[in-house]
Structures are given as structure tokens and as C-alpha cells.
Amino acid sequence: MSTIRWIGETSVDGDVLFRVGRAGDELLAEWIDLCVLRANRAGDHVTLDVAAGADERLVAKISNGLAAALVRHLHGGTSLHASSVVVEGRAVALLGGSGAGKSTFAAWMCRADDAALLADDILRVEIGAGGAEAHPSEAEHWLEAGGGGKEPVAARRVAPAPAPLVALVSLAVGQGEGAGAIALQRLRGQRAVACLVPSLVRFVLDEPEVQIAELAFLERLLAAAPLYELRFPRGFDALPAAVDVVRTHLAGERCP
Amino acid sequence: MTIDETSRVRCARHVFAREFDEELVLLDLTGGEYYGLDRLGARVWNGLVAGRTITEIAREIAGDYDVTLEALLADLVALVRDLAEKGLVEVVV
């Protein structure tokens, strides 16, 4: 039996919700009280152990979303914690921390007849000669259902195929003077990287070659799809106008 | 070891730097942590990589900023001390 060395975790209000570690040659990801993913470094031997009494729908969401993305990372693939919507052939990735409103924003965007859901929570991104591509991975929005919980709601339309990723938008709450306004600002340089890094889905955190490859990926991604910060007032009142700002901007982005 | 304007420091071997829009992102390979340097910080870092002292770097770039050499030196010493505290640079003995 190997001792587990936890090397990364996500907490909310002091409670650990998710952590990643190593036990000898094995990589582990644990969603507290829900399930544990175990994989060898090559990612060709993977198990998911479900905790007794765990919510089956949540486990299914993890299995198809974050767990699959972690295994993809072992194979050299990259995913973002992001919702994503395609509008008239152009995809946007919506970034932000827990509670930023990514799912809600995506759901509102998908009310339009020309929009379709690519991802609610985990977005697979591939970068090739033609630019960045967003791959469809999820068919449901997970929306606030009261009591702090979330419930799945089937998307009106689901994107059937990958789409060019033409913009990344980080959702932020308006602050200080102008907090009531909607503002879209391009982020560049170190600010863009600082904004993007927390959205990377990473299983291997402690291997220099992987870290360097990740930085190179960020460079190519930012070259392929500009990153913007969208500040708008929290709440549903400002949501339609904020979505309009993104849709208008998306229509003007260069499509490879 | 104390860092002052005459110090010569070098970038730590476990740090990987990459330029983004004339700014620098530093990746600490020991823990996978990212750090950012603005344009001034990037110029300082590149000076350190080239083996210059803090004073030499300050003299080289002072003309590009509306600030006295003394004030710039104080800022650069503070920056390099911060980099040293984070383990991103090491004093050359």
C-alpha cells in the first residue's frame, strides 16, 4: 500500500471538495463523498470508485466531464473548466470561478435559435493548424435549483460537431465606479495567462515537461482565441444585455 | 543573503520564462506555480538573465521612465527581493 501525497485541492468555505494526488505511480482524483478516480501515468488503466450513497447524477456528470478530462490530460489533451456555446459556427468559451455564472450565461445564450450548447462545465479544446476548436461534450445545463444545489436541464440545442473557438470570455462581477455597467475588455500578457491558468484541467501537477507543454498550449490558445473579461452586475436583470454584448462581439471575431 | 543595488543575482534553474505581449510569465517548475512580470519587470528579468547588476539595469532603463535613478533603484531592489523570496532568483556569491 502506498501513502497518498495530495498535491492540489479545491476548497469552498474551508471545506475540501476535490483533490488530486499521487500514491506511488498511481494518480488519484477524489471528489469528497462522491467518487475517486485512479489512473496509471499512461492513462490506460483507469478506475472510478463510487462512494456509497453518492448522488448518481452527480457521479455521471463527473464521470463524463471532469474525470474524462483528467484522463485526457494524461494522454496530452487539454480541457478547460468552461461553459461553451456555438453561435452561427463561432464558439465562445465562458470562464470563471465557481459561482461566476458560466452555466447560467450559457443557458441564456442558448435561448436563441441560432445557438447550441457545446459544454456546460468541461470543454475539450484542440489546437491545430486551423486554430482552436471547441468540442461538444455535454448536453445539459446544470442550473441553480435553490438550497445551493444544481439540477440538470436539457439544452434546447446541442452542437453536433466541433466548432472554431474564436473567443474566450471570463465572467466577472462589476466593481467600484461603473459597477452597474457592462464592460468587455481584452486581456493580454500576464493578465491573460493569470486569468486562464485556473481554468485549466490538470491531473499531472508535478512534472516539469507537462508544465512547460501547458504554458506552450496557453500561448497557442491565446494566439488563436483572444481572451476578454466581461464585467456586469450580478443578477438576472443585466444578463440579457451582457449576453447581447458577447453575441455582438462574437459575430465580429475572425473565424479561421 | 541581503540583496541591494550592487547584488548580482541569477534566475533560478527551476524557473521557465515565456514572453506574452512584452510581459513575462514565469513558471516555477518545482510546484507548477505561475508568476507574472509587467513590461518593466520583464526588462529587469532579462537584465538579470544577461548577468547585469541591479544598478546596471536601472541605469540602462532609467531614461525610459519619468522617475529618478534613486527611486527606480529602490523599486528594482524591492522587486528582486520579492523574486528572491519566491525562490525565482538566487544571489550569485
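Everything numeric here is computed off the predicted structure, so don't read it as measured data.

(A) The arrangement of the sheet that holds strand β5 (residues 46–50) of chain A in detail. Residue and element names in this part refer to chain A. Reading across the sheet, the five strands line up as β1-β2-β3-β4-β5 and stay open at both edges, with antiparallel pairing between neighbours. Two strands bound the open sheet, and with one partner strand each, they are β1 (4–12) and β5. Averaged over all adjacent pairs, the angle separating strand axes in this sheet is 15°, with direction ignored. Pairing geometry for β1 and strand β2 (residues 15–23), over eight bridges, is antiparallel. By the bridge assignment for β2, T10 is matched with F18.

(B) Focus on the confidence of the model for chain B. Chain-level statistics for chain B give a pLDDT mean of 91 and a share of 98% at 70 or above. Reported confidence for the predicted complex is 0.82 by ipTM and 0.88 by pTM.

(C) View of the interface of chain A and chain B. Contact residues are listed per partner, giving 17 residues for chain A and 17 residues for chain B. Across the chain A to chain B interface the summed buried area is about 1,400 Å²; carbon plus sulfur atoms make up 63%. If you sort the residues of chain A by the area they bury against chain B, Q190(A), Q211(A) and L215(A) come out on top, with a joint share of 42%. At the junction of chain A and chain B, the tally comes to one salt bridge. Linking R18(B) and E219(A) is a salt bridge whose minimum nitrogen-to-oxygen distance equals 2.4 Å. The interface formed by chain A and chain B contains five residue pairs in polar contact (both at pLDDT 80 or more). When contributions to the side of chain A that touches chain B are tallied by element, the ones reaching two or more residues are α4 (189–196) and α5 (208–224) of chain A. The dominant element in the side of chain A that touches chain B, judged by the number of residues it contributes, is α5(A), at nine residues. Class assignment for the residues of the side of chain A that touches chain B results in nine nonpolar, three polar and five charged.

About the criteria used
Residues numbered from 1 in each chain as written. Chains lettered and ligands numbered in written order. Predicted model: local features only at pLDDT ≥ 70, side-chain atom pairs only at ≥ 80, totals over all residues. Heavy atoms only, no water. Pairing = 2+ DSSP bridges. Helix = DSSP H or I, 4+ residues; strand = E, 2+ residues; numbered from the N terminus. Axes fitted to C-alpha atoms, helices over the stretch in contact; angles between N-to-C directions. pLDDT = per-residue confidence, 0-100. Contact = heavy atoms within 4.5 Å. Buried area = accessible area lost by both parts, 1.4 Å probe. Salt bridge = Lys/Arg side-chain N within 4 Å of Asp/Glu carboxyl O. Polar contact = N/O pair within 3.5 Å; in protein donor to acceptor, adjacent residues only side chain to side chain. Nonpolar A, V, L, I, M, F, W, Y, C, P; charged D, E, K, R; others polar.

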